[in-house]
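The chain contents come next:
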Amino acid sequence: RSRLDPEQIREDFPIFRRILPNGKPLTYLDSAATSQKPNAVIDAMDTYYRGLNANIHRGVHTLAEEATEAYEGARARIGRFIGAKKAREIIFTRNTTESINLVAQSWGRRNLSAGDVVILTEMEHHSNLVPWQILAAEKELRLEFVPITEDGRFNMEQYQALLGLNPKLVGFSHMSNVLGSIQPAREIIALAHQAGAIVLVDGAQSVPHLPVDVAELDTDFLAFSGHKMCGPTGIGVLYGKEALLESMPPFLGGGDMIKKVTLQGFTANSLPHKFEAGTPAIAEVIGLGAAVDYLSGLGMEAVAAYEQELARYGIEQLEKVDGLRLLGPNADHKGSVFAFTLGDIHPHDVAQLLDQSGIAVRAGHHCAMPLHQKLNIPASTRASLYIYNSKNEIDRLVESLQSVKKVFG
Ligand code: PMP
């Protein structure tokens, strides 16, 4: 596939026609928080609401059938996008956070007991820490953490030592939302399996940016969010191996997740419905279906190659800014996420001044407080790029950072 052209891609995203109140065009460098949405996604949701809105699954009327078909069709395409063998292995949730909570509360509650070891890493997003902390407190589990290397990567040696504790589960973020580090997932998963552990991959940052194939990775679970991959908010995915999902008890109870209910009890529905209680986010599922079609049209290999180019260029240019400390590894192991500190200037001040130039970045702990504690900084500024960003925008960021430094003397 040919190289991505960000200028052409921007044409598909109506938000880039926006002029900010201060008269500046939008330089959107906050895609790790949420991505922008192409017309294809907005139109798919609009078409659904205008033409076939109905509740799914139980209806016999035409609209209900069409809506069900659109919803289940999206599930099948989303499954193929990540290499799942069967659509029933795709569970719709609200987001990555809910997907991880589902694994903790359903699989974890059923399979873990006092003294069991769960291995996570020091760079996890709070959404892959707190659900395990909640369960650990209830079940007296032992949580262990793979340290990061000096340059912000997954420490494979220390991981191998931790595997000696016979963990029941290994959970890690495939791509860090702060360091940008891309973990060698296949190797981590194979080692976990050798040690007899189940694996949960947090794919919130990897699925939007890299080709991710669950069969090739052989992961047991993969969690990701629609809104970071050109799709709408309110829709996330949990992929799970069929046999594992079959063995798990329901997470939420209610309509749709049952086969039969009496006043005394219920029989759970078959997959994937067992885990989809209540009316789902129908329009959002259809929107996410359009998003994976859009990304597939670009080709995920091409997406990854282009972002690798941006990562290289970004590191090169940002390192020229005096006093800037870039977090995370070099471009061989990194996506186009640039979290940094700039001398003693508070990250919120940096972000606010960049905003005056129309540059949208994020400042704070990025839901990774333990990682920032480890790095000995209270917060960082983060610029995160996607398919519609260009090298020009990196130049604009660097220029504006030079001005920020002038303001602060
Ligand atoms: N994990 C990682 C690595 C993330 O970057 C994020 C989003 N910032 C999440 C999990 C949580 O995603 P969501 O808020 O969509 O549940």
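None of the values given here were measured: they were computed from a predicted structure. (Residues numbered from 1 in each chain as written. Predicted model: local features only at pLDDT ≥ 70, side-chain atom pairs only at ≥ 80, totals over all residues. Heavy atoms only, no water.)

## Side note on the UniProt feature "domain: Aminotransferase class V" (unreviewed entry) in the protein
As a reminder of what qualifies: UniProt positions are given in the numbering used here, feature names are shortened, and annotations may be inferred rather than shown by experiment. Strands are runs of DSSP state E lasting at least 2 residues, helices are runs of H or I lasting at least 4, and numbering of each runs from the N terminus.
The UniProt record marks residues 27-397 with the feature "domain: Aminotransferase class V" (unreviewed entry), using the residue numbering of this structure. Here residues 27-397 runs as 40% helix and 17% strand, with 9 Å between its end C-alpha atoms.

## What about the sheet that holds strand 15 (residues 380-384)?
For clarity, the cut-off: By definition, two strands form a pair when at least two bridges between them are found by DSSP. Only the contacting stretch of a helix is used when fitting its axis, a line to C-alpha atoms as for every element, and angles between N-to-C directions run 0 to 180 degrees. Residues are treated as being in contact if the distance between any of their heavy atoms lies within 4.5 Å.
Ordered in space as 11-12-15-14, the four strands form an open sheet in which the pairing is antiparallel. Of all the strands in the sheet, the pair left with one neighbour each is strand 11 (324-326) and strand 14 (362-364). Taking each pair of neighbouring strands and ignoring which way they run, the sheet shows an average axis angle of 30 degrees. Here four bridges tie strand 12 (residues 337-342) to strand 15, and the two strands are oriented antiparallel to one another. The residue of strand 15 that forms the bridge with alanine 339 is arginine 382. Where helix 12 (residues 347-356) meets the sheet, it contacts strand 12, strand 14 and strand 15, and its direction lies at approximately 165 degrees from that of strand 14. Helix 14 (residues 391-407) rests against strand 11, strand 12 and strand 15 of the sheet, and its axis sits at about 15 degrees to strand 12.

## Things to note about the site of the ligand
Rules: Note on definitions. A residue lies near a molecule or strand when any single heavy atom of the residue is within 4 Å of it. In protein, a polar contact requires one atom able to donate a hydrogen and another able to accept it; more generally it is a pair of N or O atoms within 3.5 Å, and residues adjacent in sequence count only if both atoms are side-chain atoms. Residue exposure ignores everything except the shown protein chains as possible cover, and the areas themselves are Shrake-Rupley values with a 1.4 Å probe. Polarity classes work like this: nonpolar for Ala, Val, Leu, Ile, Met, Phe, Trp, Tyr, Cys and Pro, charged for Asp, Glu, Lys and Arg, and polar for all others, with Gly in that last group.
As a structural note, the neighbourhood of the ligand is formed by 13 residues, with Thr97, Asp202, Gln205, Ser225 and Lys228 the closest of them. One of the side-chain N or O atoms of histidine 125 is found 3.2 Å from a nitrogen atom in the ligand. Between an oxygen atom of the ligand and a side-chain N or O atom of serine 225, the distance comes to 2.7 Å. For the ligand, whose free accessible area comes to 390 Å², the fraction covered by protein is 88%. Looking at the shell around the ligand, its residues break down into one nonpolar, 10 polar and two charged.

## Here we look at the packing of helix 2 (residues 39-52) against helix 10 (residues 282-298)
Convention followed: Left-handed describes a crossing whose near helix is turned anticlockwise from the far helix by less than a right angle; the clockwise case is right-handed.
The interhelical angle for the contact between helix 2 and helix 10, taken along N-to-C directions, is 145 degrees, at an axis separation of 8 Å. The hand of the helix 2/helix 10 crossing is right-handed. On helix 10, the residues touching Ala40, Val41, Ala44, Met45, Tyr48 and Tyr49 of helix 2 are Ile282, Ala283, Glu284, Ile286, Gly287, Ala290 and Ala291. Here the contact of helix 2 with helix 10 is built from residues that sort into 11 nonpolar, one polar and one charged.

## Section: the packing of aromatic side chains
The line we're drawing: Pairing of aromatic rings covers Phe, Tyr and Trp, the last through its six-membered ring, and needs centres within 6.5 Å; plane angles under 30 degrees mean stacked, over 60 mean edge-to-face, and all others mean tilted. Three labels apply to residues, based on accessible area from a 1.4 Å probe with only protein chains included: buried if under 20% of the type maximum, exposed if over 50%, partly exposed otherwise in between. Whether a charge sits over a ring comes down to the Lys NZ or Arg CZ being within 6 Å of the ring centre and within 35 degrees of the ring normal.
Under the criterion given, the structure shown has nine aromatic pairs. Considering the side-chain rings of tyrosine 71 and phenylalanine 92, the 5.5 Å spacing of their centres and the 65 degrees angle between planes classify their relative orientation as edge-to-face. Note that tyrosine 71 is positioned in helix 3 (residues 62-81) and phenylalanine 92 in strand 2 (residues 90-93), a separation of 21 residues in sequence. Residue tyrosine 71 shares its accessibility class with phenylalanine 92, and that shared class is buried. Through a chain of ring-to-ring contacts, three or more aromatic side chains come together here, namely Phe13, Phe16, Tyr294, Tyr386 and Tyr388. Cation over ring: arginine 10 sits above phenylalanine 16, and NZ or CZ is 4.3 Å from the ring centre.

## Digging into the environment of leucine 385
Mapped onto the elements, leucine 385 comes out in the loop between strand 15 and helix 14. Judged by relative accessible area, leucine 385 falls into the buried class, the value being 2%. In this view, leucine 385 contacts Leu29, Ser31, His209, Glu307, Leu310, Ser336, Phe338 and Ile394; residues no more than four positions away in its chain are not counted.

## Some details on the pattern of salt bridges
Formally: Every case where a carboxyl oxygen of Asp or Glu lies within 4 Å of a side-chain nitrogen of Lys or Arg is listed as a salt bridge.
Under the defined criterion, the tally for this structure stands at 22 salt bridges. Where arginine 88 meets glutamate 246, a salt bridge forms, and the shortest distance between an N and an O atom there is 3.0 Å. Taken together, the residues arginine 88 in the loop between helix 3 and strand 2 and glutamate 246 in helix 9 (residues 242-247) connect sequence positions 158 residues apart. For glutamate 246, a relative accessible area of 40% translates into the label partly exposed.

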